[in-house]
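# Commentary on secondary and tertiary structure
What follows is each chain in one-letter form.
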Amino acid sequence: MKTILKAKLPELLEQLAKEYKVLVPAKLEGVSRFAAYRENLELALEENVTMPPKDIFFPQTEEMYKFKSKDQSLEIEEIPQDEKLQVIFGVRSCDMKSIDCLDQVFLTKGFVDPFYQDKRDKSILIALSCVKPMESCFCTSMGIDPQKGQGADIQAYDLGEKLGFEGITERGQEVLSKVSGMFAEEDAAIPSIGEFNLTADVEGLPEKLKDMFDHPIWDDISRKCLNCSTCAYVCPTCHCFDIASEVRGEDGTKIRCWDCCMVDEYTVMAGGHQPRPGKKERVRNRFLHKLRYFPERYNMLLCTGCGRCVVKCPVNLDITNVIKKLQEA
Amino acid sequence: MAITVEDVKKINPLVPIKAKVTKIVQETPDVRTFHISTMDDQKPFDPMPGQLGMLSLPLVGEGMFSITNKGENHIEMALKEVGQLTKALHEIEVGQEVGIRGPYGNGFPIDYCKGKDLLIIGGGIGLAPVRSLIMHCIKNRDDFGKLTVVYGARSKSDLCFQEDLFENWTKVPNMDVFVTIDRAEEGWDGHVGFVPAYVEELAPKPQVTVLCGPPIMIKFTLPSLQKMNFSDQDIITTLEMRMKCGIGKCGRCNIGSCYVCLDGPVFTMEQLKDLPPEY
C-alpha cells in the first residue's frame, strides 16, 4: 500500500491541485463540506462532513440555460460546462453509496441527465475509510462497508499517523502516478472499526411496506414533523429538484434547485388540486420513497445510514426509530 | 426532420428548442388549441398518441401538456386557462416564439388496441389527451375496429373540439360520437346528463375503453365500466401530477414507485390497482 504521513497531506493536495480541480472536506464558516482545495484551508478529516458531496454533481442551485424574450421573439442559449477533471478526496463509504443512488436516478431508466452526467464523468473519487463511527452512524445496517467505498477510483485508509492509498480504477492509478514520489510503499494493517451506536433492521422492509400505505402508524410517525425539509437538505441521496426562472426584464436564466417532498408547492397543481395535502402524506411519501419505492425501482435503499438527518432534525424524527416502528407495526 | 424520442435522449432533454405558434383556435371560452412548429416550419418532434410536451413562455414558466394532435409540420396542444402560465399563454398571438421540449411519457398502447373496438370517454378538457388517440385511429382507420366516443361537458359552450364532434368525426366510417351536457339549455337538443349515466344508457360493447376527464368523472365512470365486465387491462386512463423535468428525475410526479411523466401518463386499471391512490 502507498502511504504518506497525514502531516504531508496538504502538500499532496497542493501537488494534485496543479493538475486537477481538487475538492476536500473542509470547515468553512463553521460548517464542514467539500470545498476547492487552497492553501491554509481547514481540512475536516476527523469525522464525516455535515454537507454531503451531492452538490458537487447536483449543485443546490444550477443554471441550465439562458434566454431572452422580447415581444414575440425568443432566444435560448445553452451554458458551456467546465471541462477540467476534478479529484474529490475524502468521501466516506456512506457517501460513496449515495453517489451510486444518484447515478441510478440521473443516469438510468431511459434518460440521462446531461447536467449531472457532465460533472460525474469528470470526477475522480478518492474514498476514505472510517475508523470510528459517529454517534449517529448506522451504515453497516444498510449493508455498507465503512472501510471500502463502493465505486471509488482510489481507496484511502485512515491509518492513524498516516494515510494509505490504493489505486482501484485506471483513472485512480493515473492520479496516484502523478504524485508517486511522495509515497512510501509498505504493508499496513487497516485498523478495525469501532462499535456502532445506532442500528436499523431493514431486512424484508421494502416488501413489508407494500401493504402499509394505509397503516395508522403514519399518523404516529408524522405527528411531530415540522415539514422543514432539513432532512432532505442534508441527505446525501435526496435528489428532488425544482426548475424555475430568474428573470430580469427581457433576460432570464433557467435554474434548477434542490426541492423537497415536504413542502406544499412540490405537488400542488395549477387549479389547486393537491394529491399530498398534509404532513402525513408527505412524511409517508418521503419514507416510502427511501424504503420501498426506490428499492422497487432501482433495487437499493435510498438511505445509506450516514445519520445526518438523525443529527439535524429539529424534532428528532430519527429514521432508525421510524424503521423500528415500521418493522414492529 | 422531426425529432424522435431517440433524438431527444441524445440532445439535452431538459433544454427546450425554440418554436413558434402558427395557429390558435378558440375552442371554448377558456380553452384554446395552439399549433406549434419549429422555426423552419417542421414538427418540433414526433409524438405518439398520449405523449406529453413541455411548453414554455420562458419569462413566465413552463408546463407539461398533453399533445392533442400532430400534423405534417406541427403539433397541437389544447390548454385550459387555470393558472399563471396558461393565463399568459391565452394572451399570446400567432407568431409568438415559445420553447418546447419532449415528447415525454409512454403514450397509449396503440398496438394493444389494434383490431379492437374502442370506447373513448372524455369529460371537459379530458378530451384533449384522448383526441390524439382518436385522430390516430381515424388516420389509420382500418387498423382499428368500431370507434365509439362519448364526450360530456358542463354546457354547450364548454364542449371542446366542436368542429370534430359535430362535423369531422360524424363522417368517419364505423365511428359513433355521443355528446352530452350536464344541464339542459336553450339551443341544445342533444343529450343532457352526466357521462357515467350516459355510458350506462348507451351500453356500448367495446373491447377496450379509454377514459380521461376530471377525477370525479373517472371515479363515477369506473363502476359503470366494471358493471360492463371489462377486464382491468382493458380499462385505460391518463393521470396528472405536477411535473418539472419530464424525464423521471425531479421526483414530484411519483405515484408510488412510478413517475407519471415517464411511466405514464397512460395507465391501465390493472396498473392503477398496484399503485397507492395518491393522485
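As the structure is a prediction and not an experimental result, all values here were calculated from the model.

### A closer look at the overall build of chain B
- A tally of regular secondary structure across chain B gives eight helices and 16 strands.
- In terms of C-alpha radius of gyration, chain B reaches 18 Å, essentially the compact-globule figure of 19 Å for 279 residues.
- If one aligns the C-alpha atoms of chain B with their principal axes, the spans along those axes are about 50 × 45 × 35 Å.
- A burial count over chain B gives 52% of its 279 residues as buried.
- Residue pairs in contact within chain B that sit at least 24 positions apart in sequence constitute 69% of those at least 6 positions apart.

### Regarding the domain arrangement of chain B
- In terms of domain boundaries, chain B breaks down into domain 1 (5-104) and domain 2 (110-238).
- On a C-alpha basis, the centroid separation for the pair domain 1 of chain B and domain 2 of chain B is 24 Å.

### Comments concerning the sheet that holds strand E5 (residues 69-70) of chain B
All names here are of chain B.
- Strands sit in the order E4-E3-E7-E1-E2-E6-E5 across an open sheet of seven strands; the sheet is antiparallel. The sheet is open, and its two borders are formed by strand E4 (61-66) and E5, each paired with just one other strand.
- Both strand E3 (residues 52-57) and E4 contribute to a ladder of six bridges, which runs antiparallel. Bridge assignment links methionine 54 to a residue of E4, and that residue is methionine 64.

### So, the confidence of the model for chain B
- In this model, chain B carries a mean pLDDT of 93, and residues with pLDDT of at least 70 account for 96%.
- If you check the scores for this complex, the pTM reads 0.94 and the ipTM reads 0.92.

### Regarding unusual backbone geometry
- Put simply, glycine 102 of chain B and proline 103 of chain B share a cis peptide bond, and its omega is -5°.
- Here proline 103 of chain B is to be found in strand E7 (residues 97-104).
- A cis amide bond links glycine 264 of chain B with the next residue in sequence, proline 265 of chain B, at an omega value of 10°.
- By secondary structure assignment, the location of proline 265 of chain B is in the loop between strand E15 (258-259) and strand E16 (266-268).
- Its identity is not glycine, yet lysine 109 of chain A carries a phi of approximately 65°, on the positive side.

### Side note on the interface of chain B and chain A
- Contacts between the two partners involve 36 residues from chain B, matched on the other side by 39 residues from chain A.
- It is E7 of chain B that contributes the most residues to the side of chain B that touches chain A, three residues altogether.
- Class assignment of the residues belonging to the side of chain B that touches chain A gives a composition of 15 nonpolar, twelve polar and nine charged.

### Re the pairing of strand E12 (residues 208-212) of chain B
All names here are of chain B.
- Here E12 lies mainly inside the structure; five of its five residues are buried.
- Sheet topology note: the strand E8 (residues 118-123)/E12 ladder contains five bridges and is parallel. Paired with isoleucine 120 across the bridge in E12 is valine 210.
- Pairing between E12 and strand E13 (residues 235-238): three bridges, direction parallel. If you follow threonine 209 over to E13, its bridge partner there is isoleucine 235.
- Viewed along the sheet, the connection from E12 through helix H7 (residues 215-227) into E13 turns out right-handed.

Conventions and cut-offs
- Residues numbered from 1 in each chain as written.
- Chains lettered and ligands numbered in written order.
- Predicted model: local features only at pLDDT ≥ 70, side-chain atom pairs only at ≥ 80, totals over all residues.
- Helix = DSSP H or I, 4+ residues; strand = E, 2+ residues; numbered from the N terminus.
- Rg over C-alpha atoms; globule rule 2.2 N^0.38 Å.
- Buried ≥ 20, exposed ≤ 12 C-beta atoms within 10 Å, placed from the backbone.
- Contact = placed C-beta atoms within 7 Å.
- Domains from an automatic or database assignment.
- Pairing = 2+ DSSP bridges.
- pLDDT = per-residue confidence, 0-100.
- Nonpolar A, V, L, I, M, F, W, Y, C, P; charged D, E, K, R; others polar.
- Right-handed = clockwise from strand over helix to strand, strands pointing away.

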